[in-house]
Amino acid sequence: MDDLEKELGPLDDLEDDNDSSDDHSSIGTKKSKLPLVNPICEETLKETGFHQSMRACLEQIRDAMLHHRWQEAAEYMPCYSQMLEDTSHSTAQQSKELFWRISTEILHHHPNSRLEDYNNIYERMKHSGVKHYLMICLEHSFYLMLNGHIEDAKHQLSVAESWRHGKESAAQYQRTKLIQAYRSLLDYIIWCDKKFTHSKTDYHDAGDNQDMHSYFRQASVNLKEILKNPGVWDPFILSYVEMLEFYEDHDEALKVLNDYAYDNTFPPNPNAHVYLYQYLKRHNTTDKKLMKALKVLHVLVPSHELMLEYSSLLLQSEKKSDLQKALGVILEMLDFACWRGNVDVWKRLKAIIQKLQLQEDWKDVVSEKMAARKDWWPALHFTRFHASQDSEENPELKEVKASLTKILCPDLTLKYSAGQKTIVD
């Protein structure tokens, strides 16, 4: 953007709005417990005229950004860029990061911003200091990737991946691993494009197959290494598994998903068990293995939508204990208000109770499950308001719920079930 390349005149005439001689504090004033943000334009005791001008300039930029005057903010940036050359100030590194953040924020919102403007800012900031080099490269690659420049984004990450400065710190090591992971993700994206193009052609060239496979090998090298670093790596794991499935390496795919789900060094991650379950279901695995995957998910997220499938698998089992588990799973789903109006969940509860009634002790089983719920479930599901709402919006839901009230809350008189028949003869 041309305005970012213009140099402005001196800002000596700008007023310093931060100066104030009034002291509004008093002994009886109660101190706020709210966390305070450190001011970015704070006046210091030993401040030169240059720093005063820069602080005033930053105030103007901040005001323009707060009011979405992006052109005005952009016009001030060339002047504020002089802070990048200042090495005497104790917060020089902070000023550099501030310039980086402000510049990119303005470019994101300015209607006339161009790719060249982004590239210029990112390259300038990379060479203004080494502290944020890796993160700037990563952010630069994100912008290029989102705008369709996949190869350029990969080049940025490849350069950053080989960058080293001094003794490697723990933070630098983690960022390098993150960059390696995203570089491999870009290899996966290129692989997907080639796979799509390959599938659309009438003939299959051996050279194209080899080129496509080379991207798979490049991506898999680092994606496979991810599991050695505990963390949440969902998009990377999914990418790797998709490629393994394409090349029919099902043993490796299953190993990757099992390690990701059950490695105790990783943080608890419900998605890991979802991905494992979905993979097993795609490959027609036994119900026993499917239930094992969903059992852990149930512990982590009892309100997950897959709990409906989990209850279905338990309902199909011939084991008496599985039927009782199915009852517990559905009741726990209905403990959450998000499932309160879902007719499929209530139908599943009705089906479970109907099958449970074939057992002699079914009343004791239901009573045990509802013991901790009887004080608050009526207010959550069975008020007069719920009856009126369900009758108007979903009569089928009203009918199913009303047939269960005497089963779930036999000792209570509920207005919801007035005039309705229960499923008990």
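Residues numbered from 1 in each chain as written. Predicted model: local features only at pLDDT ≥ 70, side-chain atom pairs only at ≥ 80, totals over all residues. Heavy atoms only, no water.

(A) Geometry of unusual backbone geometry. Here the phi dihedral of H68 falls at roughly 60°; this positive angle occurs in a residue that is not glycine. Along the polypeptide, H68 turns up in the loop between α1 (49-66) and α2 (70-80). For N284, which is not glycine, the phi dihedral falls at a positive 55°. Relative to the helices and strands, N284 is located in the loop between α11 (270-282) and α12 (287-300). (Helix = DSSP H or I, 4+ residues; strand = E, 2+ residues; numbered from the N terminus.)

(B) Local environment of the confidence of the model for the protein. Per-residue confidence for the protein gives a mean pLDDT of 83, with 82% of residues at or over 70. Highest mean pLDDT in the protein belongs to α11 (97); lowest belongs to helix α8 (residues 206-225) (82). Every residue in residues 1-29 scores below 50 in pLDDT, and together they form 37 contacts with partners more than four places removed in sequence or on other chains. (pLDDT = per-residue confidence, 0-100. Contact = heavy atoms within 4.5 Å.)

(C) Main features of empty space enclosed by the protein. Summed over the entire model, instances satisfying the criterion amount to 2 cavities of 30 Å³ or more. Empty space within the largest cavity amounts to approximately 80 Å³. Residue lining of the largest cavity: K177, Q180, A181, N222, E225, I226, N229 and W233, and that is the complete set. Residue assignment for the lining of the largest cavity shows that the elements contributing at least two residues are α7 (170-200) and α8. Here the residues of the lining of the largest cavity are counted per class, giving 3 nonpolar, 3 polar and 2 charged. (1 Å grid on protein atoms, 1.4 Å probe; cavity = no way out; pocket = protein on both sides within 12 Å on 5 of 7 lines; lining within 4 Å. Points joined across faces, edges and corners; volume = space filled by probe spheres on them. Nonpolar A, V, L, I, M, F, W, Y, C, P; charged D, E, K, R; others polar.)

(D) A look at the environment of L84. Among the structural elements, L84 can be located in the loop between α2 and α3 (92-109). A residue is classified by how much of its surface remains accessible, and L84, at 10% relative accessible area, is buried. Each C-alpha atom of the pair L84 and M125 lies 9.0 Å from the other, and the pair is 41 residues apart in sequence. Not counting chain neighbours up to four residues away, the residues in contact with L84 comprise K96, F99, R124 and M125. (Buried < 20%, exposed > 50% of the residue type's maximum accessible area, 1.4 Å probe, protein only.)

(E) Spatial organisation of the pattern of salt bridges. Scanning all chains against the criterion turns up 20 salt bridges. For R282, the salt bridge goes to E245, with nearest N and O atoms at 2.8 Å. Highlighted residues: R282 in helix α11 and E245 in helix α9 (residues 234-246), separated in sequence by 37 residues. R282 gets classed as partly exposed once you look at its relative accessible area, which sits at 46%. Salt bridges sharing partners connect three or more residues here, namely K154, E161, R183 and D187. (Salt bridge = Lys/Arg side-chain N within 4 Å of Asp/Glu carboxyl O.)

(F) Expanded view of α9. In this model, α9 (13 residues) spans 18 Å end to end at C-alpha, consistent with the 18 Å of a helix rising 1.5 Å per residue. Within the span of α9, buried status applies to D234, F236, I237, S239, Y240, V241, M243 and L244. Backbone geometry just downstream of α9 places E248 in the positive-phi region, at approximately 60°. (Expected span 1.5 Å × (residues − 1).)

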